[in-house]
Amino acid sequence: MKEKSNLAILMEYAGGYRYFTYASWGLSALSALLALAPFCYIWIIIREALSAAPDFSAARGLVYNGWMALFFAVISLLVYIAGLMCSHVAAFRVAANIRRELMRHIVKLPLGFTGNFGSGRLRKIVNESSVATESYLAHQLPDRAGAIATPVGLLVLLLIFDWRLGALSLVPVLMGFSIMARMTGGQMRAKMQEYQNALEEMSNEAVEYVRGIPVVKTFGQTVFSFRKFKDSIDRYCKWVTAYTEECRRPMLCYTAAVNSVFAFLVAAGLFFTREGVTEEFLLNLLFYIIATPVISVTLTKIMFQSRDAMIVDDALKRIGNVKAARPLPESAAPAHPHGASVDVEDASYSYDGQRNAVTDISLRVRAGEIAALVGPSGGGKTTLASLIPRFFDPQHGRVLAGDADVREIDKDELMETVSFVFQDSRLIKATVLENVRMGNPGASRDEVMGALAAAQCAEIIEKLPCGIDSVVGADGVYLSGGEQQRIAIARVMLKNSPIVVLDEATSFADPDNETRVQEAFSALSKEKSVILIAHRLSTVVNADRIFVIKEGGICESGSFSELKKRGGLFCKMWDDYLTSVKWKLAKEA
Ligand SMILES: Nc1ncnc2c1ncn2[C@@H]1O[C@H](COP(=O)(O)OP(=O)(O)OP(=O)(O)O)[C@@H](O)[C@H]1O
């Protein structure tokens, strides 16, 4: 299938505003042609200055032609401004539509997509790629229309006055074009793409770095501890240098070529005046020397447009990559969950399509049960839990919530049925009330207060300057990880969904916070089916069922006492845990 041109893609986003884009080209071309009119008047002025005896009527002619030159210069400028106004209207609309469509698309993608793709990379695409299209439509395309009209009009003028000088003025134009073609050709395009890749990667790593600054500070490390960030900076430097070096020689030749028009004209002047100078030839030569710099200015504009066209080409490819990510399919005849059981049947999932994070895993959690997932780090607990709210769909097998396949459940109903409390619960920059109300936008203030109390947040609220109306992350309102997680639990309590997936935080700053989070977890778990990703074994003692996940599969399952009796991996983990507690107590004593 024939690939759509970048312009065709952009015009799809423009809708009815595309006519503003077309109008901007017409106005820009018209402005470029009008800008040549002053040169004609200058030619007349030179002719009069060279030939006329300084009588009154000639002076009047000079003044008249001067005013006419100024008049056309001003009109040309006004037409250009009108063109820019049109192009900006369309460009802003296109950039806004791209951002809107991308955001609409991203929210339909599986929740795991953002994590895998990289939030820094997504941010760069949503922001910067749409900005690249904005300047392309607002400035580069209208300027291109002008840049095409100028040499055409100018060449017509030059050939009318003296075709020999006109033809000679063409030589640097042709040389400039051929060098430009080399500078924007396939090899340079590939280099530009590598350069953009390096920029995108650096942006992604920068976001990861900023997220990890607390760790860097805590351990007194330097930027070099973030090898990936440093490597991405090095790669960026490498590509910028390679791109710049590759451009250096052709750029030098290009600048020399487009500015060599004077050399051609002077040489031509000497050549054609071997037998003597006529007044008309001198007049034309002077005119050409004044007018031809427009050629180099125009060519340089075209060259930068070619470079910018490569940037927009790359930006549209990146936007296309995000849009190519397929949303999770939705069922035409949605199923409805009945009850709060969770079944995972022979589910396998691989992040990279090569190595399975979980393989043929099956488990059943009855309605109202608490199931704990434990096991060595990297065993697949989080991946397994992520399949329940459809962060990803398993490549093999299926997951049922309330006896309905989660792929068949309407996504809003699934979100009402399953809640997920993340390990690093993110609160948005809004009041505590608004943060909690996200769980149930119709909840009253009292209901929010009730959920906060049940989630052990009362003393957090008491110390905030404006209680639940304090804005999180502003005016000195900063909450610890454990405090944020308790508020996130209150949010889920208000949502009151029958199935809850809890990813227990791995570390807490103080034991009191940990105890309170555990209490909040217990309050949330009442009358719900809970799948708890347990990072500390103390929390699984009361679970109805414990699944020990290792290397992507379940290696043991049963109640706490059953697993202890069995003497397997869980028993060993429990013994290790008790030893570590004893060691800690001894150390504290
Ligand atoms: N986004 C991802 N992209 C690629 N591989 C991943 C991704 N997330 C996890 N994995 C891999 O999948 C496997 C299972 O990881 P998972 O996070 O599910 O384990 P876990 O048991 O929850 O570990 P932990 O207790 O340390 O959180 C690991 O080998 C991990 O490297």
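For the structure, check the block above.
Residues numbered from 1 in each chain as written. Predicted model: local features only at pLDDT ≥ 70, side-chain atom pairs only at ≥ 80, totals over all residues.

Focus on the overall build of the protein
And step 1. Of the regular secondary structure elements, the protein holds 21 helices and 10 strands.
And step 2. By the burial criterion, 33% of the 589 residues in the protein qualify as buried.
And step 3. Here the analysis covers contacts within the protein between residues at least 6 apart in sequence; of these, 78% occur between residues at least 24 apart. (Helix = DSSP H or I, 4+ residues; strand = E, 2+ residues; numbered from the N terminus. Buried ≥ 20, exposed ≤ 12 C-beta atoms within 10 Å, placed from the backbone. Contact = placed C-beta atoms within 7 Å.)

Details of the environment of Leu 285
And step 1. Its place among the elements puts Leu 285 in helix α11 (residues 279-291).
And step 2. Distance in space between the C-alpha atoms of Leu 285 and Ala 268 is 9.1 Å, their sequence separation being 17 residues.
And step 3. The contact partners of Leu 285, leaving out residues within four places of it in the chain, are Leu 165, Leu 265 and Gly 269.

Observations regarding the environment of Glu 48
And step 1. Structurally, the position occupied by Glu 48 is in helix α3 (residues 37-51).
And step 2. Measuring from C-alpha to C-alpha, the distance between Glu 48 and Leu 283 comes to 9.8 Å, with 235 residues separating the pair along the chain.

A word on the sheet that holds strand β1 (residues 342-350)
And step 1. Spatially, β2-β1-β4-β5 is the arrangement adopted by the four strands of the open sheet, whose pairing is antiparallel. Edge positions in the sheet fall to β2 (356-365) and β5 (404-405), since each has one partner strand and no second.
And step 2. Across six bridges, β1 lies against β2 in antiparallel orientation. Bridge assignment links Val 344 to a residue of β2, and that residue is Leu 363. (Pairing = 2+ DSSP bridges.)

Thoughts on the nonpolar core
Within soluble globular proteins, side chains that are nonpolar tend to cluster in buried spots.
And step 1. In this structure, Leu 373, Ile 388, Ile 489, Ala 490, Ile 531 and Leu 532 are the most contacted members of the largest nonpolar core, which totals 66 residues.
And step 2. Looking at this core element by element, the count peaks at seven residues for helix α18 (residues 481-495).
And step 3. With residues near it in sequence (within four places) discarded, Ala 490 still touches Val 436, Ala 451, Leu 452, Ala 455 and Cys 457.
And step 4. Counting 30 residues, the second-largest nonpolar core is a separate cluster that includes Ala 14, Ala 32, Ala 138 and Leu 316. (Core = buried A, V, L, I, M, F, W, Y, C linked by C-beta atoms within 7 Å.)

Examining the environment of Lys 526
And step 1. Take Lys 526: it is sitting in the loop between α19 (511-525) and β8 (529-533).
And step 2. As a C-alpha pair, Lys 526 and Gly 368 span 158 residues in sequence and 7.9 Å in three-dimensional space.

What to know about the sheet that holds strand β3 (residues 370-374)
Two pairing modes exist for strands in a sheet, parallel and antiparallel, and in both the strands are linked by backbone hydrogen bonds.
And step 1. Across the sheet, which stays open at both edges, the six strands sit in the order β6-β7-β8-β3-β9-β10 with mixed pairing between neighbours. If you trace the sheet from one side to the other, it starts and ends with β6 (418-421) and β10 (553-558), each paired once. Geometrically, the sheet is characterised by an average inter-axis angle of 20 degrees between neighbouring strands, direction not taken into account.
And step 2. Relative to β10, strand β9 (residues 545-550) is paired through five bridges, and the arrangement is antiparallel. Paired with Val 548 across the bridge in β10 is Glu 556.
And step 3. In the packing of α18 onto the sheet, contacts are made with β6 and β7 (499-503), and the angle to β6 comes to roughly 175 degrees. (Axes fitted to C-alpha atoms, helices over the stretch in contact; angles between N-to-C directions.)

Brief notes about helix α2 (residues 18-34)
And step 1. With 17 residues, α2 extends 25 Å between its outermost C-alpha atoms, agreeing within 8% with the 24 Å of an ideal straight helix rising 1.5 Å per residue.
And step 2. Along α2, the positions that sit buried rather than exposed are Thr 21, Ser 24, Trp 25, Leu 27, Ser 28, Ala 29, Ser 31, Ala 32 and Leu 34. (Expected span 1.5 Å × (residues − 1).)

What to know about unusual backbone geometry
And step 1. In this structure, Gln 456 is a non-glycine residue whose phi angle is positive, near 60 degrees.
And step 2. Of note, Gln 456 is situated in the loop between α16 (445-454) and α17 (458-463).
And step 3. Its 23 C-beta neighbours within 10 Å are what place Gln 456 among the buried residues.

Examining the pairing of β7
And step 1. With five of its five residues buried, β7 lies for the most part within the structure.
And step 2. Taking every second residue as pointing to the same face, both faces of β7 are buried, with Ile 499, Val 501 and Asp 503 on one and Val 500 and Leu 502 on the other.
And step 3. The pairing of β6 with β7 spans four bridges and is classified as parallel. Looking at the pairing, Val 418 lines up with Ile 499 of β7.

Comments concerning the packing of α16 against α18
And step 1. Where α16 contacts α18, the two axes come as close as 8 Å, and the packing angle between them is 125 degrees. As the angle between them shows, α16 and α18 are arranged oblique. For the pair α16 and α18, the sense of crossing is right-handed. Residue-level inspection shows Glu 447, Val 448, Ala 451, Leu 452 and Ala 454 of α16 in contact with α18, the latter providing Ala 490, Met 493 and Leu 494. (Parallel < 35°, antiparallel > 145°, perpendicular 65-115°, else oblique. Left-handed = near helix turned anticlockwise from the far one by under 90°.)

Remarks on the site of the ligand
And step 1. Taken together, the neighbourhood of the ligand is formed by 13 residues, with Tyr 351, Ala 357, Ser 377, Thr 382 and Thr 383 sitting nearest.
And step 2. Counting only elements with at least two residues in the shell around the ligand, the list comes to α5 (112-117) and α13 (381-387).
And step 3. The biggest single contributor to the shell around the ligand is α13, with three residues.
And step 4. Here the shell around the ligand is composed, by residue class, of two nonpolar, nine polar and two charged. (Near = placed C-beta within 6 Å. Nonpolar A, V, L, I, M, F, W, Y, C, P; charged D, E, K, R; others polar.)

Just distances and angles here, no functional claims.
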